[in-house]
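This is what each chain is made of:
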Amino acid sequence: MSSFWKKYLLPLIFTLLFSIFFILILLITIRFSHFLRRELEKLIDRYGRDNVVKITLGGNIKGLVDLFIYSRKEKILSNE
């Protein structure tokens, strides 16, 4: 029984667990990329493509996040 466990069941269990984990990570990454694409389009519409590209290429990710948070706060305040 030990041989059957080591040869067949243990690799099968690890393969299934790894594939489920990999599929979940892949789905989360796909949803996050769609979210980022949508938010970047909104920022480009609001602040212009040149400004957003300069911030992104300059490596100023914090500045990009600040723009995102600022635009969200403006949207919330304008809806009230």
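Look above for the structure.
Residues numbered from 1 in each chain as written. Predicted model: local features only at pLDDT ≥ 70, side-chain atom pairs only at ≥ 80, totals over all residues. Heavy atoms only, no water.

Engineer: Quick question: what am I supposed to make of the overall build of the chain here?
Structural biologist: Within the chain one finds three helices and zero strands. Counted from the first residue to the last, the chain has its helices and strands arranged as α-α-α. Computed over C-alpha atoms, the radius of gyration of the chain comes to 22 Å, more than 25% over the 12 Å expected from 2.2 N^0.38 for 80 residues, which places it beyond the range of a compact globule. For the chain, the C-alpha atoms occupy an extent of roughly 65 × 35 × 15 Å along the three principal directions. Looking at the 80 residues of the chain, the share that counts as buried comes to 10%. For the chain, the accessible surface area stands at approximately 7100 Å², while carbon and sulfur atoms represent 70% of it. Averaging the positions of the 13 positive and the 7 negative side-chain charges in the chain gives two centres separated by 13 Å. (Helix = DSSP H or I, 4+ residues; strand = E, 2+ residues; numbered from the N terminus. Rg over C-alpha atoms; globule rule 2.2 N^0.38 Å. Buried < 20%, exposed > 50% of the residue type's maximum accessible area, 1.4 Å probe, protein only. Areas by Shrake-Rupley, 256 points an atom, 1.4 Å probe, with all protein chains shown as cover. Lys, Arg positive; Asp, Glu negative; His and termini not counted. Charge placed at Lys NZ, Arg CZ, Asp CG, Glu CD.)

Engineer: Would you explain a nonpolar patch on the surface in this entry?
Structural biologist: A cluster of nonpolar side chains, Phe18, Ile20, Phe22, Ile23, Leu24, Leu26, Leu27 and Ile30, forms an exposed patch at the surface whose accessible area comes to about 800 Å². In this structure, Ile20 sits in helix α1 (residues 2-47). (Patch = residues over 30% accessible without salt bridge, like charges linked within 9 Å, V, L, I, M, F, W, Y side chains within 5 Å. Salt bridge = Lys/Arg side-chain N within 4 Å of Asp/Glu carboxyl O.)

Engineer: I keep staring at the packing of aromatic side chains and nothing clicks. Help me out?
Structural biologist: Across all of its chains, the model carries three aromatic pairs by this definition. Here Phe35 and Phe68 contribute two aromatic rings whose centre-to-centre distance is 6.0 Å and whose plane-to-plane angle is 90 degrees, an arrangement assigned as edge-to-face. Residue Phe35 is found in helix α1, and its partner Phe68 is found in helix α3 (residues 61-79); the two are separated by 33 residues along the sequence. According to the relative accessible area criterion, Phe35 is partly exposed, its value standing at 28%. Looking at Phe68, the relative accessible area reads 23%, which means it is partly exposed. Cluster of aromatic residues (ring-pair linked, three or more members): Phe32, Phe35 and Phe68. (Phe/Tyr/Trp six-rings, centres within 6.5 Å; stacked < 30°, edge-to-face > 60°.)

Engineer: What is the right way to read the environment of Tyr70 from this model?
Structural biologist: By secondary structure assignment, the location of Tyr70 is in helix α3. Side chain to side chain, Tyr70 and Glu74 meet in a polar contact 2.9 Å long. (Polar contact = N/O pair within 3.5 Å; in protein donor to acceptor, adjacent residues only side chain to side chain.)

Engineer: Is there a simple way to explain the side chain of Ser71 in this structure?
Structural biologist: Note on placement: Ser71 falls in helix α3. Residue classification places Ser71 among the buried positions, given a relative accessible area of 18%. Aside from chain neighbours lying at most four places away, what touches Ser71 is Leu43 and Tyr47. (Contact = heavy atoms within 4.5 Å.)

Engineer: Would you explain the pattern of salt bridges in this entry?
Structural biologist: When their charged atoms lie close together, side chains carrying opposite charge are able to pair. Counting across every chain of the model gives four salt bridges. Put simply, Glu39 and Lys42 hold a salt bridge, and the shortest N to O gap is 3.6 Å. Remark: Lys42 and Glu39 occur in helix α1; sequence separation between them is three residues, near one turn of the helix. Lys42 gets classed as partly exposed once you look at its relative accessible area, which sits at 38%. Between Arg72 and Glu39 there is a salt bridge, and its shortest N-O distance comes to 2.8 Å. Taken as a pair, Arg72 in helix α3 and Glu39 in helix α1 lie far apart in primary sequence, 33 residues in all. Connected through shared salt-bridge partners, Glu39, Lys42 and Arg72 make up one network.

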